Amino acid sequence: MSQFADRLLAWFDRDGRHDLPWQHPRTPYRVWLAEIMLQQTQVQTAIPYYTRFLDALPTLPDLAAADTDRVMALWAGLGYYARARNLHRAAQVCVLEHGGDLPDDFETLATLPGIGRSTAGAILAQAHGQRLAILDGNVKRTLARFHGVEGWPGSSPVEKKLWQLAESHLPDTRLADYTQAIMDFGATLCTRHDPACVLCPMQDDCVARREGRVGQLPEAKPGKPLPERRTLMLWVQDAQGRVLLSRRRGKGVWSGLWSLPETEGADAAREWLARHVAADFDAGEDLPVFEHVFSHYRLHIEPRRWRLSDAGVAEDARVGDNADLRWQPMENLHELGLPAPVKKLLGAPP
DNA sequence: AAGACGGGGGT
DNA sequence: ACCCCAGTCTT
């Protein structure tokens, strides 16, 4: 069934995007960075981050040699920070074990942190022309419609079926263009809302189109209400205009980023302040509560601010890059990766 | 098989 | 106020 690929490639040559930053040149490192950034992030959002990242770290060995805070700062604002940590670790593995390049065989590539089946296929197809399929959100939507596949594409059986279909359409040549084409097609023509079916070169063979079910496919994820959580954010400033930041550890949200210290309630805050900065909880000033929504819960942030009259003190504050706590000058916040709501809070004081 | 993981943009 | 997006990893 190469009709699908032939028509898609013809569409791409005429109507696809050929000016995306990772297309010129289409090197493994550049394609890799693009694929990781484009996981759960739209092209227009990713492009400024992409060009800035590549400008700062032009090659894979540059990335491997960069320190964590630099990488996280370049990623801050994109979200899903495990992508950045995995990218950094994978680059270091490539330098240590693969001569400073990304592996060019699927099995080895897909072993690297952050690179799964789809991303490995995307990299090898685009950078080396290998005949491998991808299955991202755009491809899932396109194939679900074209073949009339029922069910939520995130479920195992549906995903398995879609992988089969994706592989069945692979052309024998032009794999790099085909891979870019099918992603581009889903992003710009076979869109979630108001797809441009009248312009579609495959419309005559599209099951959803023929049966008038374009609006019903693919099926939506079964929904459920978001849980709610609350946290106290402690904004402590010293007389020199520095703010006390804490590096987030573990596997929770914002891992690897610097953020305001958090506690679950006033009692814990009282204790934390006494131990680290000898500040009086009651001397603090409540700032307006605001909300931050994640994909899996809704967070109510209760900020409270202290302005110390002396230079602040804190354990580990002078240890340097590996400390979990540091006094950071307000004017140098851009050096660190801050969670978006924290950046907003510190940058726009009420 | 299901849940965790961020933030921006569209409608 | 929802819904979605160039997925992967962990449990």
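Residues numbered from 1 in each chain as written. Chains lettered and ligands numbered in written order. Predicted model: local features only at pLDDT ≥ 70, side-chain atom pairs only at ≥ 80, totals over all residues. Heavy atoms only, no water.

**Side note on a negative patch on the surface**
A grouping of D101, D104, D105 and E107 is seen on the molecular surface, where their side chains present a negatively charged patch. With relative accessibility at 47%, the residue D104 sits in the partly exposed group. (Patch = residues over 30% accessible without salt bridge, like charges linked within 9 Å, V, L, I, M, F, W, Y side chains within 5 Å. Areas by Shrake-Rupley, 256 points an atom, 1.4 Å probe, with all protein chains shown as cover. Salt bridge = Lys/Arg side-chain N within 4 Å of Asp/Glu carboxyl O. Lys, Arg positive; Asp, Glu negative; His and termini not counted. Charge placed at Lys NZ, Arg CZ, Asp CG, Glu CD. Buried < 20%, exposed > 50% of the residue type's maximum accessible area, 1.4 Å probe, protein only.)

**Observations concerning unusual backbone geometry**
In this model, H24 is joined to P25 through a cis peptide bond whose omega is -10°. Counting through the fold element by element, P25 comes out in the loop between helix 1 (2–15) and helix 2 (28–37). Put simply, L217 and P218 share a cis peptide bond, and its omega is -5°. Within the element layout of this structure, P218 appears in the loop between helix 12 (207–210) and strand 1 (228–237). You will see that Q40, though not glycine, has its phi angle at about 65°, which is positive. (Helix = DSSP H or I, 4+ residues; strand = E, 2+ residues; numbered from the N terminus.)

**Quick look at the protein's contact with DNA strand B**
Of all residues adjacent to DNA strand B, which total 21 residues, the nearest are Y80, Y81, S156, W254 and H292. In DNA strand B, atoms within 4 Å of the protein come from the sugar-phosphate backbone in 60% of cases. A distance of 3.1 Å separates a phosphate oxygen of DNA strand B from a polar atom in the backbone of K251. Per-class residue counts for the surface near DNA strand B are ten nonpolar, ten polar and one charged. (Near = heavy atom within 4 Å. Polar contact = N/O pair within 3.5 Å; in protein donor to acceptor, adjacent residues only side chain to side chain. Nonpolar A, V, L, I, M, F, W, Y, C, P; charged D, E, K, R; others polar.)

**Section: the state of the cysteines**
Under the definition given, this model contains zero disulfides. Among the cysteines around C200, which has no disulfide bond, C206 carries the closest sulfur, lying 6.5 Å off. Using a relative accessible area of 13% as the deciding quantity, one classes C200 as buried. (Disulfide = S-S within 2.5 Å.)

**Some details on the domain arrangement of chain A**
Entries for chain A in the domain assignment read domain 1 (2–216) and domain 2 (228–347). Computed from C-alpha coordinates alone, the two centres of domain 1 and domain 2 are separated by 37 Å. Contact with domain 1, which involves seven residues of that partner, is made by 14 residues of domain 2. Taken together, the links from domain 1 to domain 2 amount to two salt bridges. As a salt-bridge pair, R326 and D69 come within 3.6 Å of each other at their nearest N and O atoms. Here the element with the most residues in the side of domain 1 that touches domain 2 is helix 5 (residues 68–75); it accounts for three residues. Broken down by class, the residue content of the side of domain 1 that touches domain 2 amounts to five nonpolar, no polar and two charged. (Domains from an automatic or database assignment. Contact = heavy atoms within 4.5 Å.)

**Here's the deal with the pattern of salt bridges**
Applying the stated criterion to the full structure yields 22 salt bridges. As a salt-bridge pair, D172 and R131 come within 3.5 Å of each other at their nearest N and O atoms. Of this pair, D172 sits in the loop between helix 10 (156–168) and helix 11 (175–188) while R131 sits in the loop between helix 8 (117–128) and helix 9 (137–147), and the two are 41 residues apart along the sequence. Residues joined by salt bridges that share partners form a network here, namely D13, R26, R174 and D177.

**Overview of the side chain of R83**
Of note, R83 is situated in helix 6 (residues 82–97). Despite its burial, R83 pairs with no opposite charge, the nearest such side chain being E35 at 10.0 Å. Of the polar contacts made by the side chain of R83, one reaches the backbone oxygen of Q39; its length is 2.4 Å. Other than its neighbours up to four places away in sequence, R83 contacts I36, M37, L38, Q39, T41, W75 and L78.

**What about the UniProt feature "domain: HhH-GPD" (unreviewed entry) in chain A?**
Using the residue numbers shown here, the UniProt feature "domain: HhH-GPD" (unreviewed entry) corresponds to residues 37–188. Taken as a whole, residues 37–188 contains 65% helix and 0% strand, while its terminal C-alpha atoms sit 18 Å from one another. (UniProt positions renumbered as here; feature names shortened; annotations may be inferred.)

**Here's the deal with the pairing of strand 6 (residues 290–293)**
The sheet contact formed by strand 6 and strand 7 (residues 298–307) spans four bridges and is antiparallel. Bridged to V293 within strand 7 is R298. Between the end of strand 6 and the start of strand 7, which pair antiparallel, lie four residues. (Pairing = 2+ DSSP bridges.)

**Focus on the packing of aromatic side chains**
Scanning the entire structure with this criterion turns up eight aromatic pairs. With a centroid separation of 6.2 Å and an interplanar angle of 90°, the aromatic rings of F53 and W75 are classed as edge-to-face. With F53 in helix 3 (residues 43–56) and W75 in helix 5, this residue pair connects regions lying 22 residues apart in the sequence. Assigned by exposure class, F53 and W75 land together as buried. Feature note: the residues W254, F294 and Y297 constitute an aromatic cluster, connected by ring pairs. The ring of W163 has R117 lying over it, and the distance from NZ or CZ to the ring centre is 3.7 Å. The side chain of R229 reaches across the aromatic face of Y297, ending 3.9 Å from its centre. (Phe/Tyr/Trp six-rings, centres within 6.5 Å; stacked < 30°, edge-to-face > 60°. Lys NZ or Arg CZ within 6 Å of the ring centre and 35° of its normal.)

**A short note on the protein's contact with DNA strand C**
Inspection of the region around DNA strand C gives 28 residues, with L38, T119, N138, R141 and K251 positioned closest. One of the side-chain nitrogen or oxygen atoms of T119 is found 2.5 Å away from a phosphate oxygen of DNA strand C. For DNA strand C, a phosphate oxygen lies 2.4 Å from a polar atom in the side chain of R141. If you list the elements that add at least two residues to the surface near DNA strand C, you get helix 8, helix 9 and helix 11. Its residues placed into classes, the surface near DNA strand C shows eleven nonpolar, ten polar and seven charged.

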